[in-house]
Amino acid sequence: MNAPILEAGNLHCVFEVSAGFMRPKRPLRAVNGVDLRLGKGESLGLVGESGCGKTTVAMMLLGLIRPSGGKVILGGEPMAGLDQREISRRIQPIFQDPYSSLNPRKTVAEIISLPLRAHKLGGPSEWRSRVTEIMGLVGLSQRYANNLPNQLSGGQRQRVAIARALVMRPEVVICDEPTSSLDVSVQSQILNLLLDLQRELDLTYLLISHNLAVVEHMATRVAVMYLGRIVEEALTADLFRNPRHPYTQALLASVLTPEPGLGVPDTHLGAAFPNPIEPPSGCTFHPRCPRVMPACNAQAPIPVAHESTTLVECHLFSEARTAAGPDRAPQQVGDEARPAATGSGGAS
Ligand code: SF4
């Protein structure tokens, strides 16, 4: 991996949620000890079912949600010490739905130039030239500059959203389901555009997607999330050829669907996704796991390195499982330590 440009260490996010009328609020651990590293120029895919905490991780990496614990490091500096304007200049999101993320009353040129105006970068003539340049890069004809979003197709609107995200030349782009609301015929055009832009502008991507085919096409590494934890992380080709964690295996088995925009389909795991307010004991996947063992509901597995490029959090791969206590313990992984998570898992 290249030098990390964005890192998350032992990241936690706990929400206090209502448990019902006249009842005290209860903690929901949306993110429960996540470690991530994005090397400069790479694409890291983050996959998992709805509610596993992927988007909460993204919001913390964007500086939009303050972590309950752990830290985010951007370009070697703790994000907690950075101004939000500085963070948004360096990290930009591309959201799923270009229909709702664009102001319907602004023209394409106004939408794309908004970050420049908000950050007071240059004046009107520079804004015009940067808008012209970025429209060319994303393949939008200049004749759309004065159009409103409702005069554009879905693919054109997503190109506007991409242009707006890139106009300030961020270092990292967080793509949250960037194609799932688009027609199948347009999805591959947008994905290939993102790949071209990555090469041209030296971008680093965090790609959040339900669509494992999209992740396989785009990502260099993949992290699989379940109930607020990363349960497996591996190089993309390796993960798709040889998934280790039983949850990853179930996800990959479920991807054979003719409808790419549907999200992760039925994983055929029997038990439903657990209530994140009352996560299962031990390994939080144990009620659904086809390979569950007696130790699984008593002890949470620790993340261990497997064949140098893979990290997997499952007793099947944990040589130390008989020695581990009920809480997760720190584990040396490659040249870094995976910090301990606290308590049992949860998800948003
Ligand atoms: Fe399944 Fe046990 Fe591994 Fe959890 S630790 S994934 S329950 S085998």
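Residues numbered from 1 in each chain as written. Predicted model: local features only at pLDDT ≥ 70, side-chain atom pairs only at ≥ 80, totals over all residues. Heavy atoms only, no water.

(A) Quick peek at the overall build of the chain. If you tally the helices and strands in the chain, you get 10 helices and 14 strands. Split into buried and exposed, the 348 residues of the chain put 52% on the buried side. When contacts within the chain are restricted to residue pairs at least 6 apart in sequence, those whose partners lie at least 24 apart make up 67%. Roughly 15,400 Å² of accessible area belongs to the chain as shown, and the carbon and sulfur atoms make up 52% of that amount. (Helix = DSSP H or I, 4+ residues; strand = E, 2+ residues; numbered from the N terminus. Buried < 20%, exposed > 50% of the residue type's maximum accessible area, 1.4 Å probe, protein only. Contact = heavy atoms within 4.5 Å. Areas by Shrake-Rupley, 256 points an atom, 1.4 Å probe, with all protein chains shown as cover.)

(B) Just the packing of aromatic side chains, in detail. Counting across every chain of the model gives three aromatic pairs. Between Y226 and Y247, the ring centres sit 4.6 Å apart and the planes meet at 55°, which makes this aromatic pair tilted. Here the residue Y226 occupies a position in strand 9 (residues 221–226), and Y247 occupies one in helix 10 (residues 246–253), the gap between them amounting to 21 residues. Here the aromatic rings of Y247 and F285 are separated by 5.3 Å at their centres, their planes lie at 70°, and the arrangement is edge-to-face. Of this pair, Y247 sits in helix 10 while F285 is found in the loop between helix 10 and strand 11 (304–306), placing the two residues 38 residues apart along the sequence. Put simply, the rings of Y226, Y247 and F285 touch in pairs and so form one group of aromatic residues. (Phe/Tyr/Trp six-rings, centres within 6.5 Å; stacked < 30°, edge-to-face > 60°.)

(C) Region of the structure containing the site of the ligand. The environment of the ligand is made up of H245, P246, C283, F285, H286, C289, R291, C296, C314, H315 and L316. Comparing atom positions with the cavity grids shows the ligand to sit within the largest cavity. Across the shell around the ligand, the residue classes tally to seven nonpolar, three polar and one charged. (Near = heavy atom within 4 Å. 1 Å grid on protein atoms, 1.4 Å probe; cavity = no way out; pocket = protein on both sides within 12 Å on 5 of 7 lines; lining within 4 Å. Sits in = over half its atoms within 2 Å of the grid points. Nonpolar A, V, L, I, M, F, W, Y, C, P; charged D, E, K, R; others polar.)

(D) Region of interest: the sheet that holds strand 7 (residues 172–176). Strand order in the open sheet formed by eight strands is 6-7-8-3-9-10-12-11, and the pairing between neighbours is mixed. Of all the strands in the sheet, just strand 6 (91–94) and strand 11 have a single pairing partner and so form its edges. The sheet shows a mean angle of 20° between the axes of neighbouring strands, taken without regard to direction. Taken together, the two bridges between strand 10 (residues 229–235) and strand 12 (residues 310–312) define a ladder with antiparallel strand orientation. Looking at the pairing, E232 lines up with V312 of strand 12. Running over the sheet, helix 7 (residues 184–201) touches strand 3 (43–47), strand 6 and strand 8 (204–208) and is turned about 155° from strand 8. (Pairing = 2+ DSSP bridges. Axes fitted to C-alpha atoms, helices over the stretch in contact; angles between N-to-C directions.)

(E) Main features of the layout of surface pockets. Of the voids in this model, the second largest pocket is the one considered here, and its volume is about 340 Å³. Forming the boundary of the second largest pocket are 18 residues, of which S88, I91, Q92, P93 and F95 lie nearest the centre. Counting residues per element, the ones that place at least two in the lining of the second largest pocket are helix 2 (84–90), strand 6, helix 4 (108–118) and helix 6 (154–166). When residues of the lining of the second largest pocket are assigned to their parent elements, the largest contribution, four residues, is made by strand 6. (Points joined across faces, edges and corners; volume = space filled by probe spheres on them.)

(F) Examining the sheet that holds strand 2 (residues 26–39) more closely. If you walk across this open sheet you meet the four strands as 2-1-4-5, and the pairing is antiparallel. Edge positions in the open sheet fall to strand 2 and strand 5 (77–78), since each of these has one partner strand only. Alignment of strand 4 (residues 69–74) against strand 5, held across two bridges, turns out to be antiparallel. Of the residues in strand 5, the one forming a bridge with I73 is P78. Packing of helix 1 (residues 54–61) onto the sheet brings it into contact with strand 1 (4–17), strand 2 and strand 4, and relative to strand 1 it is tilted by some 120°.

(G) Structural detail: empty space enclosed by the protein. Summed over the entire model, instances satisfying the criterion amount to five cavities of 30 Å³ or more. Taken as a whole, the largest cavity spans an internal volume of roughly 80 Å³. Taken together, 14 residues form the lining of the largest cavity, with C283, C289, C296, C314 and H315 sitting closest to its centre.

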